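# Remarks on the overall topology
Here is how the chains run, residue by residue.
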Amino acid sequence: MKFSYNWIRELVDGLDAGPRELARLITMKTAECEGVEEAGAHLDAVSEARLLEVEPIANSHNRKVLLDTARYGRRTVVCGATNARPGLRSVYVPAGTGLGGRRIGTAVIDGVESDGMLASGAELGIDRDQAGIIELDGPFDPRPDFLIDVDNKSLTHRPDLWGHLGMAREVAAIFGRPLRDPADMSLLEDGPSPVSVDIADRSLCPRYNALVFENVTVRPSPVWLRWRLEALGLNPINNIVDVTNYIMAEMAQPMHAFDADKLQGNTIFVRPARPGEHAAALNGENYALGEANLVIADAAGPIAVAGVIGGSASAIQPASRRIVLESATFQAASVRRTSSQLRLRTDASIRFEKSQDPANTVRALARAIDLLHQVSPGIRVAGGPAGDRAAPPSLPPIELPLSWLEQKLGKSLGSGQVRDILEALGFRVSPASAGVLAVTVPSWRATKDITGKHDLVEEIGRIVGYDAIEPKAPVIAVAPPPSQPRRELLRSLRSMAAAQGFTEIYNYSFVNEEMIARFGFDPSAHLRVLNPIAAGQTLLRTSLLPGLFRNLELNSRNYSSFRIFEIGREIHPLAPGELPDEIPHLSAAVVSRDDTADGLFELKRLAECLAPGCTIEPAEARSFEHPRRAAFVISRGEAIGRLFELHPSLGLDGRAAMLDVDLSRWPEATARNVKYQPLRRYPTSAFDLSVIVGSRTPSMTIQNLLASFTGPHLVQIEYLRQFVVAEGSLSLSFRITVGAPDRTLQSEEIPAIRSRVIEGMRGLGYELRV
């Protein structure tokens, strides 16, 4: 957000710090400033001018204009604006002035020497009117300014700082200067109002005030007002609308003006929208509304979307003569929901989302009376402000022990100094007991900002200056942090997968219907996000696989082979009213453009690292799995995951194998009582066997049979290789290692074991290559 240096100086008496020094102190004590930029430097050089003569130039659309300037005497310029006419008061830009990134010079145009130029409002940066040269009906008094750009994220918890008055209060406290309050409450009358206000739910609208004005003249705002708004990035519209925007920028109070003669009835209703209602907005859009949207309505229907945007039917027009000025506060969450639903964020909604001060509504109306008298001569206030409100909350004072403050702050401060700081920031302070102050929070800091004495420590510390506090480590008992087995477990899994050559990826927990449709998942089995942050993030995932598949698609465009994994949570809905079940999973994938099953074996190795001793058993393939390459991962008799290849119909370039492990079952299913085994003292012997099997026979089946026939002397059985011996037949080769823990096997025992294995396999009908 940008703050005008000149505006802050008007609100803080005697402020003499330069703009960059001010920005530095604001950063140190209030909010982070991102920079300072100069605005309107050319305004020091321009001059008011009266057009004396306007002559056409032959064979040209331009005109020769003789000017009488207030600062440079008479000048002759060439001007192409159609509104140039004798007697008009405008603005002259002399040669040598920098304007809009270019330097104005003396030039010969259509045979006439032009010494400088006449400028439009857009060229001067006063407004956005490019239709002709600027026309003055009052003094031309804008001054060069500096804009202090404050990071919006630094202001999120401070609704008062979304206006110049709030920032000026901070500056006044920093420099110890008096603050000028722009709102003159004596301007408000106590008489009855021509309109009434009816709030249906005061929790959604804590306060709504309206003030009626008559004898209104709608016209362009004075130059000073247009310049001040344009410098801050607010578009000048007309004097009535500009006043509402000016107050929003000054007092952080969004306002809206309705044409009173276009309202139906004399009551303004603040209520939830009814089913099927629409709102025709000022931006030309027609928004469909529901009961979750708060509206401002008259007897005929919605005239504004509360806190977001006004309606076009009651907009201020040049012919408007009576207006109703709205000043209200709305529930922050309600405005945020409506703004997100309509995909519309406005300057007003941004401020209302921060929880505005209900006490500010009437003060803003008082300020509006003052400004409207300046910009619309003859305007009259019709009665006093109408309004409705919720009962203001009763907030007890916060007790602040000075000894506790010193302990937390690390600096001793006298009660007088503490009181001066807090009172400068708008707090009321009184003694509660010996060494304890009672601090009453002002209304503009009581909306989810200051809630306890810990917040007061921050207020005092930042104004004192943290650089004035000696950095000293607190003296406290040091205790080891509690063990977090779950976090350590996940960290070990990540390290294990990375050691196997896999790269970790992170995906959002959101998916959309297109992503899950490819996997045959039912959208109704997913939790739907009420307020999605993007159009493609409307459902909460019940599987990591759709997100992982999207990663495969993106990466396969650039890499022929890669390995990735993700550890995240599946989110499964339970009964209505219950929190969803969040199940941790590890999903991994291997992609290769080679037509081999290497990916499955790599993931099998990863599964064995995660769960030593696990086995792979065939499973019925799901719709997205290859019909002949799907299996369960079994550990201690329980299925803890699946290993499979993706179905070719998914259209991925290459073969993709995937592993999906349920980590909620993983610790129990992989827990083992490991006993110490001494190093083997006696040698082992090994022999290789090749078994002829059908092409769809799982290698684990053969491996288990070989192990069973080997008997108690089995040390290890290792799968070596496979190759095709005939169509539909494979040769699977295994290495069997045998030995005894207490002796060396005799030379005749090893052939006997080998023969027993061969005979056993042949007895089951298998052919062996020996």
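Let me sum up the structure you'll find in this document.

## A look at the overall build of the protein chain
- Helix and strand content of the protein chain: 19 helices and 39 strands.
- By the compact-globule yardstick of 27 Å for 770 residues, the protein chain is too spread out, its C-alpha radius of gyration being 39 Å.
- For the protein chain, the C-alpha atoms occupy an extent of roughly 125 × 85 × 55 Å along the three principal directions.
- A total of 770 residues make up the protein chain; the buried ones form 48% of that total.
- Pairs at least 24 residues apart make up 67% of the contacts formed inside the protein chain by residues separated by at least 6 positions.
- Split by element, the accessible area of the protein chain, about 37,400 Å² in all, is 49% carbon and sulfur.
- Averaging the locations of the 84 positively and 92 negatively charged side chains of the protein chain gives two centres separated by 4 Å.

## A few points about the state of the cysteines
- With the rule as written, the count across this model stands at zero disulfides.
- You can see C609 has no disulfide; the closest cysteine sulfur is in C614, sitting 9.2 Å from it.
- On the accessibility criterion, C609 (26% relative accessible area) is partly exposed.

## As for the sheet that holds strand β4 (residues 63–69)
- Pairing within the open sheet is antiparallel, and its five strands lie in the order β5-β4-β3-β6-β11. If you trace the sheet from one side to the other, it starts and ends with β5 (73–79) and β11 (117–118), each paired once.
- Sheet topology places β4 next to β5; seven bridges connect them, and they run antiparallel. Following the sheet pairing, L66 is matched in β5 by T76.

## Describing the nonpolar core
- Grouped together as the largest cluster of nonpolar side chains are 75 residues, with contacts concentrated most on L124, F140 and F213.
- Here the element with the most residues in this core is helix α9 (residues 360–375); it accounts for nine residues.
- Residues contacting L124, with those up to four places away along its chain left out, are H42, L43, V46, V91, V93, L99, A119, I134 and F140.
- With 38 residues, the next largest nonpolar core counts L204, I268, A273 and A279 among its residues.

## Observations regarding the side chain of N62
- Inspection of the secondary structure puts N62 in the loop between β3 (47–56) and β4.
- By relative accessible area, which is 12% here, N62 ends up buried.
- Polar contacts involving the side chain of N62 include one to the side chain of D110, which spans 3.0 Å.
- Not counting the four nearest positions on each side in its chain, N62 is found in contact with P56, I57, V78, C79, G80, I109 and D110.

## Structural notes on the sheet that holds strand β31 (residues 581–592)
- Taken in spatial order, the seven strands line up as β27-β30-β31-β35-β34-β33-β32 in an open sheet, and their pairing is mixed. Only two strands of the sheet have a single partner each, and these edge strands are β27 (503–504) and β32 (615–618).
- Of the strands in this sheet, β30 (561–572), β31, β34 (638–646) and β35 (655–662) are in contact with helix α15 (residues 545–556), which crosses β30 at around 155°.

## Description of the packing of helix α10 (residues 402–409) against helix α12 (residues 453–464)
- α12 packs onto α10 with a crossing angle of 65° between their chain directions and a minimal axis gap of 10 Å. Note that α10 runs across α12; the crossing there is right-handed. Judged by residue contacts, W404, L405, K408 and L409 of α10 engage K453, H454, V457, I460 and G461 from α12.
- The residue inventory of the contact of α10 with α12, partitioned by class, reads five nonpolar, two polar and two charged.

## Points about the environment of P358
- Tracing the backbone through its elements, the reader meets P358 in the loop between α8 (347–352) and α9.
- Under the relative-accessibility criterion, P358 is labelled partly exposed at 21%.
- When the C-alpha positions of P358 and A328 are compared, they lie 7.2 Å apart, and in sequence the two are 30 residues distant.
- Look past the residues within four positions of P358 in its chain and what remains in contact with it is P206, R207, T329 and T447.

## Examining the packing of aromatic side chains
- A full pass over the atoms with the stated rule returns 13 aromatic pairs.
- Their ring planes at 85° and their centres at 6.0 Å tell us that F521 and F624 sit as a pair that is edge-to-face. Taken as a pair, F521 in the loop between α14 (513–517) and β29 (539–540) and F624 in the loop between β32 and β33 (625–635) lie far apart in primary sequence, 103 residues in all.
- Taking the relative accessible area as the measure of exposure, F624 reaches 2% and is therefore buried.
- Relative to F644, the ring of F624 has its centre 5.8 Å away and its plane inclined at 75°; by these criteria the two rings are edge-to-face. With F624 in the loop between β32 and β33 and F644 in strand β34, the pair connects residues that are 20 residues apart, well separated along the chain.
- With relative accessibility at 0%, the residue F644 sits in the buried group.
- In this arrangement the basic side chain of K354 is found over the ring face of W162, its NZ or CZ atom lying 4.8 Å from the centre.
- One residue, K453, lies across the ring of W404, its end atom 4.5 Å from the ring centre.

## So, empty space enclosed by the protein
- A complete count under the given rule lists one cavity of 30 Å³ or more for this structure.
- There is about 40 Å³ of room inside the largest cavity.
- What lines the largest cavity is simply V590, V591, S592, D594, T596, G599, E645, R655, A656 and A657.
- Sorting the residues of the lining of the largest cavity by element identifies β31 and β35 as the ones contributing at least two each.
- Residues of the lining of the largest cavity, tallied by class, amount to four nonpolar, three polar and three charged.

Calculation notes
- Residues numbered from 1 in each chain as written.
- Predicted model: local features only at pLDDT ≥ 70, side-chain atom pairs only at ≥ 80, totals over all residues.
- Heavy atoms only, no water.
- Helix = DSSP H or I, 4+ residues; strand = E, 2+ residues; numbered from the N terminus.
- Rg over C-alpha atoms; globule rule 2.2 N^0.38 Å.
- Buried < 20%, exposed > 50% of the residue type's maximum accessible area, 1.4 Å probe, protein only.
- Contact = heavy atoms within 4.5 Å.
- Areas by Shrake-Rupley, 256 points an atom, 1.4 Å probe, with all protein chains shown as cover.
- Lys, Arg positive; Asp, Glu negative; His and termini not counted.
- Charge placed at Lys NZ, Arg CZ, Asp CG, Glu CD.
- Disulfide = S-S within 2.5 Å.
- Pairing = 2+ DSSP bridges.
- Core = buried A, V, L, I, M, F, W, Y, C linked by side-chain atoms within 4.5 Å.
- Polar contact = N/O pair within 3.5 Å; in protein donor to acceptor, adjacent residues only side chain to side chain.
- Axes fitted to C-alpha atoms, helices over the stretch in contact; angles between N-to-C directions.
- Left-handed = near helix turned anticlockwise from the far one by under 90°.
- Nonpolar A, V, L, I, M, F, W, Y, C, P; charged D, E, K, R; others polar.
- Phe/Tyr/Trp six-rings, centres within 6.5 Å; stacked < 30°, edge-to-face > 60°.
- Lys NZ or Arg CZ within 6 Å of the ring centre and 35° of its normal.
- 1 Å grid on protein atoms, 1.4 Å probe; cavity = no way out; pocket = protein on both sides within 12 Å on 5 of 7 lines; lining within 4 Å.
- Points joined across faces, edges and corners; volume = space filled by probe spheres on them.

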